[in-house]
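Residue-level structure breakdown
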Amino acid sequence: MIERQENSCSDKPVVDRAIWPPVDPVSAGLGGRCPRCGEGRLFSGFLTVGRECHNCRLDYSFADAGDGPAVFVILIIGFLVVGLALWVEVSLGPALWVHFILWIPLALVLCLTALRLMKGLLISLQYRNKAEQGELER
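The structure reproduced in this document is the subject of the present report. Worth saying up front: this structure is predicted, and the values here are computed from it rather than measured. (Residues numbered from 1 in each chain as written. Predicted model: local features only at pLDDT ≥ 70, side-chain atom pairs only at ≥ 80, totals over all residues. Heavy atoms only, no water.)

What to know about the packing of helix α2 (residues 68-91) against helix α3 (residues 96-128)
At their nearest, the axes of α2 and α3 sit 9 Å apart, and the two run at 155° to each other. With respect to each other, α2 and α3 are oriented roughly antiparallel. When the axes of α2 and α3 are compared, the crossing they make is right-handed. Only H99, W103, L106, A107, L110, C111, A114, L115, M118, K119 and L122 of α3 make contact with α2, whose side of the interface consists of G68, P69, A70, F72, V73, I77, V81, L84, A85, V88 and E89. Taken together, the residues that form the contact of α2 with α3 break down as 18 nonpolar, two polar and two charged. (Axes fitted to C-alpha atoms, helices over the stretch in contact; angles between N-to-C directions. Helix = DSSP H or I, 4+ residues; strand = E, 2+ residues; numbered from the N terminus. Parallel < 35°, antiparallel > 145°, perpendicular 65-115°, else oblique. Left-handed = near helix turned anticlockwise from the far one by under 90°. Contact = heavy atoms within 4.5 Å. Nonpolar A, V, L, I, M, F, W, Y, C, P; charged D, E, K, R; others polar.)

If you want it as C-alpha cells, here you go:
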C-alpha cells in the first residue's frame, strides 16, 4: 500500500513503498488497531492517537478525525437515550430523580465507548481512502 507523508526537509511528498496485506478498515478501526498492518495500537490513551505504530512504524500524523466522531456520537446516542427516556416517561411515569439515575450514567458510558470506536473507524477509513486536506489549484 502506498502512503504519502510530508518530508520535513522539502515540500515533495515521500512515497512509502512498504508492502502490507490489505487490512479491513472497519475491523482495524473498531479494534483500535493500526490501519496499515492491523496489529499495532492506534491509541496511546483512551482517545489520544499515538505517534506511530509500534509494529510497522506508520506515522499517525496524518490522522485528524476532527469533530466528525463527536457529531456522529451525539446524534446516534442522543437519539437513543432521548427516545428511551420519553418511552419510560410515557409508559411508567417515574419521578425525576429516576431519570437522572438512569439516563446520565447510560449516556456517559455509551458516548465514551462510541467515541473511541467512531474515532478509530474514521481514522482507519481516512487512511484507506488516502484522504488529504483539500487544496485549491491555481
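As for α2
An ideal rise of 1.5 Å per residue puts 34 Å on 24 residues; α2 measures up with 35 Å between its terminal C-alpha atoms. Within α2 the residues assigned to the buried category are P69, V73, I77, V81, A85 and V88. Lining the buried residues of α2 we find α3. G93 sits one or two residues past α2 and shows a positive phi near 60°. (Expected span 1.5 Å × (residues − 1). Buried < 20%, exposed > 50% of the residue type's maximum accessible area, 1.4 Å probe, protein only.)

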